[in-house]
Structure formats: C-alpha cells, structure tokens
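Overview (structure and organization)
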Amino acid sequence: MNTRSGKKSSASNSKPETTTSTTKNSTNKKVKANEEHDIEALQDVANRLRILSMKMTNASNSGHPTSCASMAEFLSVMFFDKSGMRIKSDNPKSFVADRLVLSKGHTAPILYAAWGIAGLYTEEQLMTLRKFDSDLEGHPTPRLPFVDVATGSLGQGLGVACGMAYTSKYHDSLNNRFWCILGDGECAEGSVWEAAHFAGIYKLDNLIAVVDVNRLGQSEATSLGHNTNVYKKRFEAFGWNALVVDGHDIEALIKAFNECKHKANQPSIIIAKTLKGKGLPNIEDQENWHGKPVGNKIDDLIKHLEEQLVDKNRKLTTIPPENAEEITLHSDAIKLPELSYKKGQQVATRFAYGDALKRLGGVDTYRRICSLDGDTKNSTYALTFKNAFPDRFVECYIAEQNLVSVSIGLSARNKIPFASTFGAFFSRAYDHIRMAGVSKVNIKLVGSHSGVSIGEDGPSQMALEDFAMFRAIPDAVVLYPSDAVSCERAVELATNHHGIVYIRTSRPATEVVYDNHEEFHLGQSKVHGKTDSDKILIIGGGITFESAMKAQKTLAAEGIHARVMDIFSIKPIDRDGIINNAKECNNTILTVEDHYIEGGIHEAVCNAVASLGSIKVHAIAVDSVPRSGTPEDLLNHYKLTAPHVVEKVKSILQ
C-alpha cells in the first residue's frame, strides 16, 4: 500500500478559533495567495455557494440555508483547492477518487451547489431542490452519483466513512481519501464516538473529518457552544490528529488540510469554528433560523454577498486524483462448494453460518466477502471466517451502531459485508439499519441467540423482536433457516442477493433434515409430510420447525393428519405456497414461533392470507417478557414444544 507520512505537529491553544498546527517545515509560513492558491477565487466560490443555497431553499420553500452558510469556506476549499479533495467532476461516481460523506445531511443544498459550480448541474437544475421529480432531495441519497449513502439521521456518517476508509486502506490498497463533514450538534450522538474509537484504533490516516462548530442547534445553542478545545481534546483522546481553525479563514483551512494529508497513522479532524448564517446580515449567529428559508430577505442578502465578489464569473475546477485510471468492479456470483452434512446430524445453525461463510470466502475470487463482528465472534461463529481469512475480518468491538455503519461503508466500496452479533443487539443499531434501507445498500446482518431457546442468559440476550424490526425495512430479506443445510444455503443466497439480508440463527443444535443438494430460494418455503387428509397446516421455523415435525409424527400416530411448513423465507414470504397449502388443509393454519407474536411469523402469515378472508390463522408465540431458565423450561413454559403443539392442534380441530 502507498502509505502517507508527515512531520509530527502540535496545535496552538492560544487562539483556537484562528490557529492551526503546522509542520516543522512550514512553521509560520504564510500561504501565498495568487501563487499556490487562489484565495480570492475560493472566497468568491464560498459566497456563491451561500447565494445558491439561499436561492434553492427559497425555491423549495424549505431547507437549511443558515446551516449551509456556516460551511461555505471549507467546502469551497475542499472542492476547488489542491489541499482538498481529489475528485473527477466528469465522473462523480469515480471509485478511485476521494469520496465525501455529508453526515450533516440537512446541508445538502450547499453540496449540490458545489457540484453545480463544478459543472454537474445548471442553476436551473439546482432550483428543483426537494421537488418530487428531482433527485436533489432534502437530504442526500445514493440516487446521486456523488453520494454513497443516505444521510440525515445525524451521527451516522462518520461510521460509514470509517468503513469506506478501512476497506480502501486494508483491502484495496488505494491512495484515495475519505472525507466526512459533521455538525457540532450531532457530536452529542454516541455513535460518533463509537466511530471515532474505531478510526483511532485502526489508524485510518486516509480519513479526514471536519466538524462545523457553528454553535447553534435546531431549538437552542448546542451543549458546548464554541468551546472548540473540548472537541479537540475528545478526538485526541480517541487517537485523532485534531486541529482547531477559524472555519471562515481560507488560508487557515488550506494549511490545516495540507497537514492532515501528511499525517501518518492517525485519522485527522478539523474542528472549524464557524457562525451559523455566516455572511447574512441580521441572521448570522442568530437563533430561530434553523431550517428556515430566508424568504423576502433574499434580494438584500444576495446584493450584500455579490458586492463582496471580486469576479463572479471566475471559474474554478476540481482537482483530479493523481492516478485517474478506474478499476474494474466485480459482481460475479459466488457459489458454495459441495456440502457434507448427514441427515439426522445435530448441528446449530450458528455453527453452519460460520462454516458457510468460510467456505464461500475460499471461492471468492475477488475477495469481496468480509466478516464483521461486535466481540461475539466465538458465539456467532464468525470466528470460523476470521481464522481462515484474518485480513478480511473486522472486529468492531461492543459498538453495534458502528458495526452496522462500518458494514454500510464496506458495501459502498463493492464489498459483501456479513455483520454478526446477538440478534437482540441489532435493536440498538436500528436507526442505522433503517438508514441502510434508505440507502439500498448491500449488507448482510446475522443475528444469533434468538428467542427463549437460548436459555439461562435471560431476556436481555434474547432476540424476540428481530423479525418485526427487519420486516419493516423496505426491500429487506429475512431468512430463518431450520437446519445446517438450509442455513448454508441462506448464506449463499444472501451473498448473491444485492440488498439488506437478515439471517436469524439459533443457539441449540437442530437435526439436519435436508439433503445436501436441496435447493432453496428467496420467497420459497418447504413442505413436509403432505397427505390428502391433512386438516391443518403447521408453520414453524428454526427451533419451532423441529417441534412441528415431532408434533406431526405424534398426531399421525393418533390418526390426525397435519402438514408442516418450514417457512425459511419470512420476507419475501411464500404467499402462494401458504395459501395453496392452507386451502388443502381445511383453511386452517397454526403458526409456532420463538418470537413475540407482534411482527413475527404469525403476523407475516396473517398478512399473506388476509385478502382471502377464509383462512383461519392460530398462533403459539412468546406472550410475555421471559426470565432465565433452561431452554427446556422456557420452551415448555411458552408452549413451543411438540407436546404443546399437539395439544393446540387438537383444541383447534375439535
């Protein structure tokens, strides 16, 4: 890899709002305007960005022009000075160029304006901001070629940038950089500090962040106001190279960006002291202007800014990467080698997950599959992949929000990330998962230790809401394998499906019931023990599929014919299969699930058959907050065992 190096530096504390650290070779050296950097032109661009942001938000009668105004200078330098980003204005999706994550997503107008000045949009196109038929949405989404992930739910962008920087440095060995712009208000989010910790321990020197410390939040001043040294000390504590600058001083910004680019083995952050609404008289640094267009003040404000322009027609160009040659991105299918399970063998699906991922990794020619975990790898069996491919394993520690965000970042760089932890712990990262759905990213999330069947650990460790969470994510796939074969096939399907996939694995060992060559498909279930005399369709998955199969045998011995369905794919659900089998089973269904009844298999099945009105759906599910106990005690208490299924079937059919 092409590494970066630089002189050790230290920041001055005397005037934190106007000073920055410098290298030994450039101490006290002034940037020469009109020689190395065109300071006047960059200031003109900053004011043009302010003008465009006001025009755009006035045209849409919504948006955040004052939040845009505070970041105009550093965005101008980032886009149009050689100390800033290396990007291709004629190829805004370039894989080898620098990439920017706008974590401060509500300032999308000024980002669009910068690309407009770079030549991607006309002013007329910019004025379509927030219109229904425009891709220039209120917050950035990947509909735009220069946007990799959707932002706007604050506190998430830095983690995504970390994932992008990590894989570019350690997997692809590219010499590009990843930039992230944060607001000071969002630095109250814990996920920011999860990401800061990650970047520090992995020494992501290809990551440069900027915090726009403009002091004002949405409803009042931020908790730290303009206390920039607190931000500095906090980031330094996480191992960052942190610089404090006047965010409206273009020369100071240029010096800061240059130093960040030459800092080895540390991520860098520029803490920019700014004023919200900078340059807008009677609005600058005033409360109650968040998220409000300037309205009828616009003419006077534009006149004020235009009077400051030295040359409003002057053109600046973006700086392309030194190596502008694009690389080929692969999307070839990755197929499992032959399986070798034996029917009747007892194997936990969490174990099969680790084995499947390892074996897929072994045939992954382009090394796209990566595994991430939140310090549970010896329980989720992600450890199996790590032992085989340590260079493609990313330990995210106990920071599930960042685990998901880093996965999103890897996905944005054409990787296939499998992130695993206990299924219950994905709930604390749900907003990140929700935003992944908005981004339509390609991530795979694997939750182990699902349901009461985990036993003695108790309810804090039991995933009992996970189906409800993931079913609500648009276009997400939810798979629930019941044995080792179906689990390995689920991992294979997830690998080759572009989008969010959630796989639920179980702690207890379950019997292998499928042949090694059995085919599985998204949206397809598996039917067992079908006869012409079936009176009820029992639908289960995972641990409860095994209970249903045992109950089927007991019922058959008593002359009661029941058909069993292994649901496998909860979303998309096998609607036709469920309806057709239910019609052949007296229009009667019993769902059995190790999940709360809300949002789980029962509700998914009810939704599938609701339009018919003729199919009755009964349920056995977890109906209260559990407590510690043996798996047997808990499964028995919630009537998820075969004898209870038998009893329930008899009560339904009598």
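Structure shown above.
None of the values given here were measured: they were computed from a predicted structure.

So, the overall build of the protein
The secondary structure content of the protein amounts to 22 helices and 19 strands. Viewed in the frame of its principal axes, the protein has a C-alpha envelope of about 90 × 50 × 45 Å. In the protein, which comprises 654 residues, the share counted as buried stands at 60%. Partitioning the intrachain contacts of the protein with sequence separation of at least 6 by distance along the chain shows that 79% fall at a separation of at least 24. When the accessible surface of the protein is summed, it comes to about 25300 Å², and 45% of that surface belongs to carbon and sulfur atoms.

Here's the deal with the packing of helix 19 (residues 575–583) against helix 20 (residues 601–609)
The geometry of helix 19 relative to helix 20 is characterised by a closest axis approach of 9 Å and an angle of 80° between their N-to-C directions. Put simply, helix 19 runs roughly perpendicular to helix 20. For the pair formed by helix 19 and helix 20, the contact residues are R575, I578 and I579 on the first element and V605, A608 and V609 on the second. A breakdown of the residues in the contact of helix 19 with helix 20 according to their chemical character gives five nonpolar, no polar and one charged.

Digging into the sheet that holds strand 14 (residues 526–528)
Pairing in this open sheet of five strands is mixed, and the strands run 14-16-15-18-19 from one edge to the other. Lying at the two open borders of the sheet, with one neighbouring strand each, are strand 14 and strand 19 (616–622). Between one strand axis and the next, the sheet turns by 25° as a mean value, whatever way the strands run. Sheet topology note: the strand 14/strand 16 (residues 562–566) ladder contains three bridges and is antiparallel. Note on strand 16: the bridge partner recorded for V527 is M565. Against the sheet, helix 20 makes contact with strand 15 (536–540), strand 18 (588–596) and strand 19, and its axis sits at roughly 145° relative to strand 18, the strand it touches most. Across the sheet, helix 22 (residues 642–653) touches strand 15, strand 18 and strand 19, and the angle it forms with strand 18 is around 145°.

Thoughts on the side chain of E593
Looking at the secondary structure, you find E593 in strand 18. No salt bridge is formed by the buried E593; the nearest opposite charge belongs to R504, separated by 6.8 Å. Here I601 takes part through its backbone nitrogen, which lies 2.6 Å from a polar atom of the side chain of E593. Residue contacts for E593: discarding those within four places in its chain leaves T544, G600, I601, H602, I620, A621, V622 and L640.

Digging into the nonpolar core
Formed by 133 residues in total, the largest nonpolar core has its most connected members in L207 and I538. When residues no more than four places from it in sequence are discounted, the contact partners of L207 are L158, A161, C162, A165, F178, A199, W240, P267 and S268. Listed in part, the 52 residues of the second largest apolar core include A114, L144, C260 and A272.

Focus on the packing of aromatic side chains
With the rule as written, the count across this model stands at 23 aromatic pairs. Between Y353 and F418 the ring centres are 6.4 Å apart and the planes differ by 40°, which places this aromatic pair in the tilted class. Linking Y353 in helix 11 (residues 349–362) with F418 in strand 9 (residues 416–422), this pair joins segments that are 65 residues apart in sequence. For the residue pair Y353 and F418, the accessibility class agrees, reading buried in each case. Put simply, the rings of F79, F80, Y112, W115, Y121 and F146 touch in pairs and so form one group of aromatic residues. Across from the ring centre of F95, 3.7 Å away, lies the NZ or CZ of R413, which sits over that ring. Its end group placed over the ring of Y480, R504 keeps NZ or CZ at 5.1 Å from the ring centre.

Observations regarding empty space enclosed by the protein
All chains considered together, the criterion is met by four cavities of 30 Å³ or more. Taken as a whole, the largest cavity spans an internal volume of roughly 170 Å³. Looking at the largest cavity, it is lined by 22 residues, and the ones nearest its centre are R99, L100, W115, F146 and V147. Considering each element in turn, the lining of the largest cavity owes the most residues, four residues, to strand 1 (residues 99–102). Broken down by class, the residue content of the lining of the largest cavity amounts to 14 nonpolar, three polar and five charged. In this structure, the second largest cavity occupies an estimated 60 Å³ of space. Lining of the second largest cavity is provided by L216, G217, Q218, S219, E220, A221, K276, Q286, E287, N288, W289 and H290. Considered class by class, the residues forming the lining of the second largest cavity number three nonpolar, six polar and three charged.

Each value, and the rule that gives it
- Residues numbered from 1 in each chain as written.
- Predicted model: local features only at pLDDT ≥ 70, side-chain atom pairs only at ≥ 80, totals over all residues.
- Heavy atoms only, no water.
- Helix = DSSP H or I, 4+ residues; strand = E, 2+ residues; numbered from the N terminus.
- Buried < 20%, exposed > 50% of the residue type's maximum accessible area, 1.4 Å probe, protein only.
- Contact = heavy atoms within 4.5 Å.
- Areas by Shrake-Rupley, 256 points an atom, 1.4 Å probe, with all protein chains shown as cover.
- Axes fitted to C-alpha atoms, helices over the stretch in contact; angles between N-to-C directions.
- Parallel < 35°, antiparallel > 145°, perpendicular 65-115°, else oblique.
- Nonpolar A, V, L, I, M, F, W, Y, C, P; charged D, E, K, R; others polar.
- Pairing = 2+ DSSP bridges.
- Lys, Arg positive; Asp, Glu negative; His and termini not counted.
- Salt bridge = Lys/Arg side-chain N within 4 Å of Asp/Glu carboxyl O.
- Polar contact = N/O pair within 3.5 Å; in protein donor to acceptor, adjacent residues only side chain to side chain.
- Core = buried A, V, L, I, M, F, W, Y, C linked by side-chain atoms within 4.5 Å.
- Phe/Tyr/Trp six-rings, centres within 6.5 Å; stacked < 30°, edge-to-face > 60°.
- Lys NZ or Arg CZ within 6 Å of the ring centre and 35° of its normal.
- 1 Å grid on protein atoms, 1.4 Å probe; cavity = no way out; pocket = protein on both sides within 12 Å on 5 of 7 lines; lining within 4 Å.
- Points joined across faces, edges and corners; volume = space filled by probe spheres on them.

The analysis is restricted to geometry; functional conclusions fall outside its scope.
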